[in-house]
Amino acid sequence: YKELLEEVFSADFVLESTPEAGNMLKRYKEKHNKPCPQENICVVVYDAIYLLTEAIDNVGEDPIKIKNYLNTVQYQGISGTIGFDEFNDRKNANYSLFTMKNGKVMQVQTNWIP
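Below, the structure is looked at part by part. (Residues numbered from 1 in each chain as written. Predicted model: local features only at pLDDT ≥ 70, side-chain atom pairs only at ≥ 80, totals over all residues. Heavy atoms only, no water.)

1. A few points about the overall build of the protein
Argument step 1. Secondary structure summary: the protein contains four helices and five strands in total.
Argument step 2. Mapped in sequence order, the helices and strands of the protein form the string α-β-α-α-α-β-β-β-β.
Argument step 3. Within the protein, the proportion of its 114 residues that are buried is 26%.
Argument step 4. Here the contacts in the protein between residues at least 6 apart in sequence split such that 44% fall between residues at least 24 apart.
Argument step 5. Surface exposure of the protein reaches about 8400 Å², of which carbon and sulfur atoms provide 54%.
Argument step 6. One finds the centroid of the 12 positive side-chain charges in the protein at a distance of 7 Å from the centroid of its 16 negative side-chain charges. (Helix = DSSP H or I, 4+ residues; strand = E, 2+ residues; numbered from the N terminus. Buried < 20%, exposed > 50% of the residue type's maximum accessible area, 1.4 Å probe, protein only. Contact = heavy atoms within 4.5 Å. Areas by Shrake-Rupley, 256 points an atom, 1.4 Å probe, with all protein chains shown as cover. Lys, Arg positive; Asp, Glu negative; His and termini not counted. Charge placed at Lys NZ, Arg CZ, Asp CG, Glu CD.)

2. Structural notes on the environment of Gln 107
Argument step 1. Relative to the elements of secondary structure, Gln 107 occurs in strand β5 (residues 104–112).
Argument step 2. Taking the C-alpha atoms as reference, Gln 107 lies 31 Å from Val 73; in sequence the two are 34 residues apart.
Argument step 3. In contact with Gln 107, not counting residues within four places along its chain, are Ser 96, Leu 97 and Phe 98.

3. Thoughts on the side chain of Thr 99
Argument step 1. If you trace the backbone, Thr 99 turns up in strand β4 (residues 95–101).
Argument step 2. A distance of 2.9 Å separates the side chain of Thr 99 from the backbone oxygen of Val 8, its partner in a polar contact.
Argument step 3. Residues in contact with Thr 99, not counting those within four places in the same chain, are Glu 7, Val 8, Phe 9, Lys 104, Val 105, Met 106 and Val 108. (Polar contact = N/O pair within 3.5 Å; in protein donor to acceptor, adjacent residues only side chain to side chain.)

Printed below as a string of structure tokens:
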């Protein structure tokens with residue numbers, strides 16, 4: 001989608017490098033015979049599944065109770081400590097802004113905090 005995304009700006013948080021994340025990515029590569037195509041996404045989805053499981057184990061399957069639980073949690077995942085701010089964004093996350101120029105992704109700014 002290079003043409004569609006030309007000059008579009010986006011942001012993603014900078015993944016904290018942890019031994020646990022490295023181990024998960026290594027296991028992914030061994031299981032699928034190729035590296036995870038987007039390491040950031042693989043690691044945060046892994047954490048999201050375990051965090052959601054923890055929430056359900058603690059408060060049940062009611063969406064409102066899960067939301068309230070997630071608003072108060074400080075979860076230690078493989079991507080670091082996970083908590084959420086008043087906008088439901090990940091707390092203490094640094095973001096990188098990037099854009100597509102001439103079909104190539106270019107970083108615009110690092111360590112941007114929304």
